[in-house]
Amino acid sequence: MNIRFYHAKILVTGENKEFSILNGELWVENDSISYIGDGKELRNQKEDAVIFDREIDVEGNLLMPGFKDAHTHTAMTFLRSYADDLPLQEWLEKQVFPNEAKLTKEDVYYLAILGIMEYLTSGITSNFDMYNFPRSIAKASKDTGFRTVFCSGLNNFVSNLEELREDYNVINAMSPLTSFLPGIHAEYTTNQKLMEGLAKLAQELKAPVWMHNAETQKEVEECKARYGMTPTELTEALGFYEYGGGGYHCIWFTEHDFELFQKHDMTVVTNPASNLKLASGICPVKKFLDYGINVAIGTDGPASNNCLDMFREMFLTTGLAKVKEEDASCVSAEEVLYMATAGGAKAMQLPDCDRLAVGKKADLIMLDLKKPNMQPENNIVKNIVYAGSKQNVKMTMVNGKILYENGAFSIGFSEEEIYRRANEIINRIKG
Ligand SMILES: [Zn+2]
């Protein structure tokens, strides 16, 4: 399908993490962006050559790259507002693990679609997911047209290296929308033998490795007691990061941990709402930036957040950094918007989805600037990060297809069906 957007403001990502606005047109041919410009010089030449299926008057609103939600557990939608107000370990052991054990692969498929619908309403065009039944999750993305990078959550309880290798092959081949990277759930849920096996596999596959890392102080202290090293030092010594990778959360870091992340060109994915709600701590985002380490942003799962909303995460990322550093000038709106778009794309190995440019994948969104919270237009980037919200998302396009537009979904499922199935699943699990 070929789509021409005209009368648009187009957010252009610069080479130095800066943004500018271009007034004009953006053309999508099949899954990619084929033209960005004022349209004048091409009107007589190329327009005749491209047959557009749709021409959309953007009416002066904004086209920008979709958000990359760089750490999620999408199918945990079933536990939203069911397991709350507990410390992390107790929350995991008493609420999360026992209920997750009752899920079937079919449950996970529909629960993932519920999460995808919420992503679309928040302008999210891809996610970096970790959960049980990876193939059901990848199928949910393929069937709805959403883009998902899956990270294995290898641990002592529900998976093994043979399955992981199979999932790697199946999901990477399933669809242009699905890919798979190796990872472990966390040091505290994975024994040394499994971690060694994963390191070997990642080296063979020449793949980066990911895990939950230093989310709580307790996790780091216990790892030090077990191995005499922090989770970063341990996994680095085991050979995880020969091809890079990164960590989710990364709150309780030592100077040496920062150096190791820098050395291997790794990414930290910060999850500020989840960290606040579980009282885990505040990620040292400014320090990661000072080290030149790539930073991305994730919502984490809907059981710990409980909302899959990148606008809220962006505001918390900058707000918490300012409080932590006692410096209102640090971690600017531009830096945060970069993390939520290009930073996430780098983390997820999606270099073709990082920005709006000719030849890039058409993973883009339209924000409604004609709302009180986006006026006046003194600075559109600051409006997005400090004042923006889901209500501004008019359209979400993934891989050249409009999946959400003016409040309606085009994902092959009705809202009613997905809500009914999600409620049936949780009612069955509650028993
Ligand atoms: Zn997580």
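Owing to the predicted nature of the structure, the values given are computational and were not obtained by experimental measurement.

Caption draft 1: Main features of the packing of helix α6 (residues 161–174) against helix α7 (residues 192–205). Viewed as axis vectors pointing N to C, α6 and α7 meet at an angle of 25 degrees, and their least axial separation amounts to 11 Å. As summarised for this structure, α6 and α7 are arranged roughly parallel, according to the angle between their axes. With respect to the hand of their crossing, α6 and α7 are arranged in right-handed fashion. Between α6 and α7, the residues in contact are Leu161, Leu164, Arg165 and Tyr168 and Leu194, Gly197, Leu198, Leu201, Glu204 and Leu205, respectively. Among the residues forming the contact of α6 with α7, the class breakdown is seven nonpolar, one polar and two charged.

Caption draft 2: Examining the domain arrangement of the chain more closely. Along its sequence, the chain is carved into domain 1 (2–65 + 359–409) and domain 2 (67–351). The centre of domain 1, based on its C-alpha atoms, is set 29 Å off from the matching centre of domain 2. Contacts between domain 1 and domain 2 engage 29 residues on the former and 32 residues on the latter. Taking both partners together, domain 1 and domain 2 bury about 2600 Å²; carbon and sulfur atoms supply 70% of that area. In terms of surface lost to domain 2, no three residues of domain 1 exceed Lys17, Val385 and Lys390, which account for 25% of the buried area on that side.

Caption draft 3: The pairing of strand β6 (residues 67–72), seen in detail. Of all six residues that make up β6, six are buried, and the element is covered over most of its length. Summarising the sheet, β6 and strand β7 (residues 124–129) pair through four bridges and their orientation is parallel. For lysine 68, the partnering residue across the bridge sits in β7 and is serine 126.

Basis of the calculations
Residues numbered from 1 in each chain as written. Predicted model: local features only at pLDDT ≥ 70, side-chain atom pairs only at ≥ 80, totals over all residues. Heavy atoms only, no water. Axes fitted to C-alpha atoms, helices over the stretch in contact; angles between N-to-C directions. Helix = DSSP H or I, 4+ residues; strand = E, 2+ residues; numbered from the N terminus. Parallel < 35°, antiparallel > 145°, perpendicular 65-115°, else oblique. Left-handed = near helix turned anticlockwise from the far one by under 90°. Contact = heavy atoms within 4.5 Å. Nonpolar A, V, L, I, M, F, W, Y, C, P; charged D, E, K, R; others polar. Domains from an automatic or database assignment. Buried area = accessible area lost by both parts, 1.4 Å probe. Buried < 20%, exposed > 50% of the residue type's maximum accessible area, 1.4 Å probe, protein only. Pairing = 2+ DSSP bridges.

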